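Single-letter residue listing:
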Amino acid sequence: MIVAPGGGRISLSYRLGGSLSSLITAVSLSFGVGVFFATHVLRLRDRERLRKACSRTKKHLVKGQRAALGVDLTSFIPIWAGKAPQKVVVLGAGAFGTAMAFAAAQGGNEVVIYMRDKQQCKVINEEHRNPRYLSEFSLHVEGGMEIRGICTLEELKEELQSPGVVIMHALPCQLTPPWFQEHKDIIPKDALICCTAKGLYLPTQQLMGHAILDALDRADQPLAFLSGPSFAAEIMKGNPTTLVVASDQLFQAVRIQKMMSNFKTIRVFTSNDPVGVQLGGALKNPLAVGAGMIEAMGFGTNTLAAMVTRASHELRQLCSAMGGDPRTVDGLSGAGDLMLTCFSSQSRNQRCGQRLMKGESVEDIQKDCTVEGIATVDVAVIYADMCGLELPIFRCVHALIHKKITPEEAVLDLMGRRSRTETKKFL
């Protein structure tokens with residue numbers, strides 16, 4: 001025992017125990033610091049070796065590259081490695097159907113395109129290109145299965161019997177429900193239908209998903225909706241493209257995500273808000289018609305940016321009123337697709353707006369190509385009335401398309417509205 005000042009006593013074993021504990025703590029701390037610095041030095045060494053190797057081979061150093069010696073092992077692995085290939089039947093061999101088939105084939109899936117044109121089908125099978133749409137692009141996928149074309153209902157019925165088949169729907173919106181109603185007997189009840197058409201069905205004023213279910217007379221058909229900023233030609237060129245797929249059953253959206261993502265040119269996000277994704281993809285079409293009108297009227301970027309910004313606000317209002325999540329409109333299917341179609345002359349809807357302002361009729365324009373914004377704007381105004389929403393931009397585009405007002409009157413109507421705050425909460 002040791003007598004401490006003041007008469008207290010301290011155990012020698014207590015003092016030794018305290019010293020030993022401090023020693024162990026110090027050693028542990030030193031060891032940890034040593035390991036940290038050693039690891040850091042090794043990383044610096046490997047990074048320098050990688051930089052030199054990349055410099056020798058004239059490659060760019062990619063963030064996150066795993067090979068410490070500059071050998072990118074992922075280049076030797078097929079892009080679909082680790083994914084189970086799926087059977088995909090694409091309905092429609094137009095431009096977007098062709099692009100979707102090509103993207104699905106790049107993901108390592110077995111892809112079949114259905115069309116009615118026998119000569120078109122023959123060229124696709126023999127020359128691996130679509131002679132009617134995007135004919136300058138080859139449909140051959142390096143290292144993957146060749147895309148096959150079919151043109152008879154007997155062939156389609158046989159292909160659809162494959163277990164777990166995915167139906168990639170790429171028909172014009174107004175032709176979709178009648179087609180499914182006519183051929184519902186050959187559509188398997190468990191087949192996942194992935195809808196890529198962006199529009200609303202005018203005869204019944206429905207979202208495309210509701211119209212398809214009514215046409216099939218089924219309430220439990222698996223459905224997913226693929227949308228986002230995506231011109232068909234740019235997909236074929238291999239330009240990096242991001243999409244969003246939505247389904248009430250999120251696992252179905254994940255299934256499409258895995259099927260379409262190729263980790264190089266196509267990246268797909270998932271959503272469980274099919275209403276928001278459908279509305280965003282459909283309602284940007286009439287707004288793109290309005291963007292074309294702005295350009296044809298001789299206005300500049302100020303006007304176009306103002307229209308796109310305020311139109312996005314109207315989109316969020318309508319989405320919220322219709323039961324969707326307004327935040328979905330801020331994503332790829334809303335703001336992303338809206339910017340794509342409004343700012344590019346590749347958009348059929350944008351070109352339609354220009355042609356309307358130059359005096360062409362809706363009927364003549366529709367003879368050349370399908371313009372979904374023409375029919376969609378009628379349904380959008382009906383939805384606005386049902387929900388008690390003003391939506392002045394949608395209403396002006398609708399009135400201009402149907403020649404109820406002049407361009408000058410449209411400008412005065414929008415710019416002469418009463419003053420108010422910019423934002424309004426509706427979440």
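It should be emphasised that the depicted structure is a prediction, and the values quoted were computed from it without experimental measurement.

> Looking at this model, I keep getting lost on the pairing of strand β11 (residues 241-246). Mind explaining?
Two faces, one strand: in a regular strand the side chains alternate between the faces of the sheet. Most of β11 sits inside the fold, with five of its six residues counted as buried. Pairing geometry for strand β10 (residues 223-227) and β11, over three bridges, is antiparallel. Residue pairing for β11: S227 is matched across the bridge by V244. Bridge count between β11 and strand β12 (residues 266-271): six bridges; the pairing is parallel. Bridge assignment links T242 to a residue of β12, and that residue is R267. Note that the unit made of β11, helix α8 (residues 250-260) and β12 has a crossover that is right-handed.

> Mind showing me how you'd approach the side chain of D378 here?
Note that D378 resides in helix α15 (residues 372-387). No salt bridge forms around the buried D378; measuring N to O, its nearest opposite-charge neighbour K404 is 7.2 Å away. Of the polar contacts made by the side chain of D378, one reaches the side chain of H402; its length is 2.7 Å. Every residue in contact with D378, bar those within four places of it in the chain, is listed here: L202, H398 and H402.

> Honestly, the nonpolar core in this entry has me stumped. Any pointers?
Note that soluble globular proteins tend to have their nonpolar side chains buried in a common cluster. Residues L283, M307, L356 and I401 are the most contacted members of the largest nonpolar core, which totals 42 residues. Elements with a minimum of two residues in this core: α9 (274-296), α10 (301-321), α12 (332-343), α13 (348-357), α14 (362-368), α15 and α16 (392-401). Looking at this core, the element that brings in the most residues is α9, giving 10 residues. Among all residues touching I401, those that are not within four sequence positions of it are V289, M293, L356, V362, I374 and V377. Core analysis: the next-biggest nonpolar cluster, separate from the first, contains 38 residues, M100, V141, L226 and M236 among them.

> Help me understand a nonpolar patch on the surface, please; the structure alone is not making it clear to me.
Together, F299, V411, L414 and M415 give the surface a local cluster of nonpolar side chains, amounting to about 360 Å² of exposed area. If you trace the backbone, V411 turns up in helix α17 (residues 407-415).

> Just to check I follow, could you spell out the confidence of the model for the protein chain for this structure?
Averaged over all residues, the pLDDT of the protein chain equals 85, while 81% of them reach at least 70. Below a pLDDT of 50 lies the segment residues 12-16, which in the model reaches three contacts outside its immediate sequence neighbourhood of four places, other chains included.

> Explain the packing of aromatic side chains to me, please; I cannot follow it from the model alone.
According to the stated counting rule, one finds two aromatic pairs in the structure shown. Ring centres of Y114 and W179 lie 6.4 Å apart, and the angle between their planes is 55°; on these two criteria the pair is classed as tilted. With Y114 in strand β4 (residues 110-114) and W179 in helix α5 (residues 176-182), this residue pair connects regions lying 65 residues apart in the sequence. Each member of the pair, Y114 as well as W179, is classed as buried. The structure contains a cluster of three or more aromatic residues connected by ring pairs, namely Y114, W179 and F180.

> How should I be thinking about α8 in this particular structure?
Two residues of an α-helix separated by three or four positions point the same way, owing to the 3.6 residues in each turn. For α8, the full list of buried residues reads Q252, A253, I256, M259 and M260. Seen along its axis, α8 keeps its buried residues to an arc of 120°; they face one direction. Relative to its buried face, α8 has exposed residues pointing more than 90 degrees away, namely F251 and K258.

> Please clarify how the pairing of β10 should be interpreted in this entry.
Burial analysis of β10 places five of its five residues in the buried class, the great majority of the element. The alternating pattern of β10 places L223, F225 and S227 on one face and A224 and L226 on the opposite face, and all of these are buried. Relative to β10, strand β7 (residues 192-195) is paired through three bridges, and the arrangement is parallel. In the strand pairing of β10, C195 is matched with F225.

> Could you clarify how one ought to interpret the side chain of H183 in this entry?
By the element assignment, H183 lies in the loop between α5 and β7. On the basis of relative accessible area, H183 is assigned to the buried category, the value being 10%. At a separation of 2.9 Å, a polar atom in the side chain of H183 contacts the main-chain carbonyl oxygen of W179.

> Would you explain the packing of α16 against α17 in this entry?
Describing two packed helices takes the angle between their axes plus the distance from one axis to the other. Between α16 and α17, whose axes approach to 10 Å, the crossing angle comes to 170°. Taken together, the axis directions place α16 and α17 in an arrangement best described as roughly antiparallel. Facing P392, I393, C396 and L400 of α16, the residues of α17 in contact are P407, A410, D413 and L414. Of the residues that constitute the contact of α16 with α17, the class distribution is seven nonpolar, no polar and one charged.

> Hey, could you run me through unusual backbone geometry in this one?
Note: most residues except glycine have negative phi, and most peptide bonds are trans. A positive phi is found at L134, a non-glycine position, where the angle reads about 50°. Here L134 shows up in the loop between α3 (118-127) and β5 (148-150). For L134, a relative accessible area of 15% puts it in the buried group. Residue L391 is not a glycine yet carries a positive backbone phi of 45°. As for its position among the elements, L391 is in the loop between α15 and α16.

> I would appreciate a short explanation of the state of the cysteines in the present structure.
By definition, a disulfide links the sulfur atoms of two cysteines through a covalent bond. Applying the stated criterion to the full structure yields zero disulfides. As a non-bridged cysteine, C369 has C352 as the owner of its nearest cysteine sulfur, 7.4 Å distant.

> Is there a simple way to think about the sheet that holds β5 in this case?
Backbone hydrogen bonds hold the strands of a sheet together, and the pairing may be parallel or antiparallel. If you walk across this open sheet you meet the eight strands as β5-β4-β3-β6-β7-β10-β11-β12, and the pairing is mixed. Two strands bound the open sheet, and with one partner strand each, they are β5 and β12. Taken over all neighbouring pairs, the strand axes of this sheet differ in orientation by 25° on average, direction set aside. Together, β3 (87-91), β6 (166-169), β7, β10, β11 and β12 form the strand contacts of α8, whose direction differs from that of β12 by roughly 180°.

Rules and cut-offs
Residues numbered from 1 in each chain as written. Predicted model: local features only at pLDDT ≥ 70, side-chain atom pairs only at ≥ 80, totals over all residues. Heavy atoms only, no water. Buried < 20%, exposed > 50% of the residue type's maximum accessible area, 1.4 Å probe, protein only. Helix = DSSP H or I, 4+ residues; strand = E, 2+ residues; numbered from the N terminus. Pairing = 2+ DSSP bridges. Right-handed = clockwise from strand over helix to strand, strands pointing away. Lys, Arg positive; Asp, Glu negative; His and termini not counted. Salt bridge = Lys/Arg side-chain N within 4 Å of Asp/Glu carboxyl O. Polar contact = N/O pair within 3.5 Å; in protein donor to acceptor, adjacent residues only side chain to side chain. Contact = heavy atoms within 4.5 Å. Core = buried A, V, L, I, M, F, W, Y, C linked by side-chain atoms within 4.5 Å. Patch = residues over 30% accessible without salt bridge, like charges linked within 9 Å, V, L, I, M, F, W, Y side chains within 5 Å. Areas by Shrake-Rupley, 256 points an atom, 1.4 Å probe, with all protein chains shown as cover. pLDDT = per-residue confidence, 0-100. Phe/Tyr/Trp six-rings, centres within 6.5 Å; stacked < 30°, edge-to-face > 60°. Arc of directions from axis to C-beta. Axes fitted to C-alpha atoms, helices over the stretch in contact; angles between N-to-C directions. Parallel < 35°, antiparallel > 145°, perpendicular 65-115°, else oblique. Nonpolar A, V, L, I, M, F, W, Y, C, P; charged D, E, K, R; others polar. Disulfide = S-S within 2.5 Å.

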